[in-house]
Amino acid sequence: MRELTYVARRTVEWREAPDPEIRSGQEAIVAPVAATSCDVDSSILAGHGFIDPPFALGHECVARVADIGDRVTTVAPGDLVVVPWSINCGTCAPCRSGLTAHCASVPHMAMYGAPIGGSWGGLFSDLVRVPYADSMLVPLPTGLDPVAMASASDNWSLSWRLVAPHLKARPGARVLVVARGSIGLYVCDIARALGASDVLYVDPDAEHRNIAEGFGARTAEMTEPIPHGFDIAVEATGRVDQLALAVRSLAPEGICESAGNHFRPGELPLLDMYLTGVTLRIARDNVRAHIPDALDLAASGNVDPARVVSHVLDWEQLPEALPDKRLKPVFVRDITPPPASG
């Protein structure tokens, strides 16, 4: 089989790799059919990552189940499934607590799309081994478009987690979104759908702002801090100065969620945060625990993640097209299920 491999700044190529095989009864082999780049992939391709190439890339996809072990009970060959980005067993203490990004059964930070915690391959591959199929794979609900939901592996479900629990605890909260890519746009859509009284989206990209306005958000190219302006702030830029802007704009006891990949150091206004009583979370997401709720919201019809998809491209275009700067390209193949036999 082939796996798309990051080899240098703005350069990826197909490389041959052995076909994955079922190693235990609880495993599955899947074939990605709609895969997309995460915001962090854009940083990696731009040369801002912290891991040297080469390595297999990709950690967001909807896939079709190709084969299963004899102990797998929740999916069957032919099913469309969301493949979460982190490897998790579902049964250890962290997984049972919902902390699936910290599974104790695999090396810390084990994931698809980067050789952290072992080498698990990437989801821009023809075939992928899933070591804990029943725990990891989430069937795609009937009626949901695999292209629209290609990001449910990470960014879509992460975006749900960034605001949904906080809006449940604080109905009608005011939300600030400081972003550069798909995460912030998903957050705008989800926040409005879940009853935020005000959403301000800050992004220098006019096209992104136009999408956010379509989701009912106010927008700005840039802004100074707005003291006590928002109850919830989401930062998804990877820039510490923008994270500082977000926390400086919070009302007392406000919550800031940072989904930015901060590869470069910087300073935060710690005294201001202390005096305001800010809660700040900077973290990779325990995404498997949130995928079902995020899919339920998508299936409700109250949100429209398809509007964030910027391009739908053929799978074979990956080496040439992925390095180009695009908001949310989705690469597709074989989405139509095979005809029933007999």
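For the structure, check the block above.
Cut-off values and rules
- Residues numbered from 1 in each chain as written.
- Predicted model: local features only at pLDDT ≥ 70, side-chain atom pairs only at ≥ 80, totals over all residues.
- Heavy atoms only, no water.
- Phe/Tyr/Trp six-rings, centres within 6.5 Å; stacked < 30°, edge-to-face > 60°.
- Helix = DSSP H or I, 4+ residues; strand = E, 2+ residues; numbered from the N terminus.
- Buried < 20%, exposed > 50% of the residue type's maximum accessible area, 1.4 Å probe, protein only.
- Pairing = 2+ DSSP bridges.
- Axes fitted to C-alpha atoms, helices over the stretch in contact; angles between N-to-C directions.
- Contact = heavy atoms within 4.5 Å.
- Patch = residues over 30% accessible without salt bridge, like charges linked within 9 Å, V, L, I, M, F, W, Y side chains within 5 Å.
- Areas by Shrake-Rupley, 256 points an atom, 1.4 Å probe, with all protein chains shown as cover.
- Salt bridge = Lys/Arg side-chain N within 4 Å of Asp/Glu carboxyl O.

**Student:** Explain the packing of aromatic side chains to me, and be specific about the residues and the numbers.
**Tutor:** Tallied over the entire structure, the rule returns five aromatic pairs. With 5.8 Å between their ring centres and 50° between their planes, Phe50 and Phe263 make a pair best called tilted. Taken together, the residues span a long stretch of sequence, with Phe50 in the loop between α1 (39-45) and β4 (55-56) and Phe263 in the loop between β13 (250-258) and α8 (270-276) at a distance of 213 residues. Look at Phe263 and you get partly exposed, because its relative accessible area is 28%. Residues Phe124 and Phe331 carry aromatic rings whose centres are separated by 6.2 Å and whose planes lie at 85° to one another, so their mutual orientation is edge-to-face.

**Student:** Explain the sheet that holds strand β9 (residues 174-179) residue by residue, including any values.
**Tutor:** Strand order across the open sheet formed by six strands is β11-β10-β9-β12-β13-β14, with parallel pairing between neighbours. Looking along the sheet, the strands with just one partner apiece sit at the ends: β11 (218-220) and β14 (279-282). Each neighbouring strand pair of the sheet contributes to a mean axis angle of 15°, computed without reference to strand direction. Pairing between strand β12 (residues 230-236) and β13: five bridges, direction parallel. The residue of β13 that forms the bridge with Ile232 is Ile255. Against the sheet, helix α4 (residues 155-169) touches β9, β12, β13 and β14, its axis set at about 170° to β12. Across the sheet, helix α7 (residues 240-248) touches β9, β12, β13 and β14, and the angle it forms with β13 is around 150°.

**Student:** Give me α7: which residues, what numbers.
**Tutor:** Within α7, seven of the nine residues are buried, which leaves the element mostly enclosed by the surrounding structure. Among the residues making up α7, those that are buried are Val240, Gln242, Leu243, Ala244, Leu245, Ala246 and Val247. Buried residues in α7 make contact with β9, β12, β13, α8 and β14.

**Student:** How would you explain a nonpolar patch on the surface if you had to name every residue and give the values?
**Tutor:** On the surface, Leu271, Tyr274 and Leu275 cluster together into a nonpolar patch covering about 410 Å² of accessible area. Inspection of the secondary structure assignment puts Leu271 in helix α8. Since its relative accessible area comes to 56%, Leu271 is described here as exposed.

**Student:** Explain the pairing of strand β16 (residues 329-332) to me, using residue names and the numbers behind them.
**Tutor:** Walk down a regular strand and you will see the side chains alternate between the two sheet faces. Of the two faces of β16, the one carrying Pro329 and Phe331 and the one carrying Val330 and Val332 are both buried. Where strand β15 (residues 311-314) lies against β16, four bridges are found, and the strand directions are parallel. Looking across to β16, one finds that Val312 is bridged to Val330.

**Student:** I'd like a rundown of unusual backbone geometry, residues and numbers included.
**Tutor:** A cis amide bond links Pro53 with the next residue in sequence, Pro54, at an omega value of 10°. Mapped onto the elements of the fold, Pro54 is located in the loop between α1 and β4. Backbone geometry places Glu253, a non-glycine residue, at a positive phi of 65°. Looking at where Glu253 falls in the secondary structure, it is placed in strand β13.

**Student:** Run through the environment of Ala110, naming residues and quoting values.
**Tutor:** Here Ala110 lies in the loop between α2 (93-96) and β7 (128-130). Counting along the chain gives 24 residues from Ala110 to Ser86, while the straight-line C-alpha distance between them is 6.1 Å. Once you skip the residues sitting within four places of it in the chain, Ala110 turns out to touch Ser86, Ile87, Ile116, Gly117 and Trp120.

Shape descriptors only; they carry no functional weight alone.
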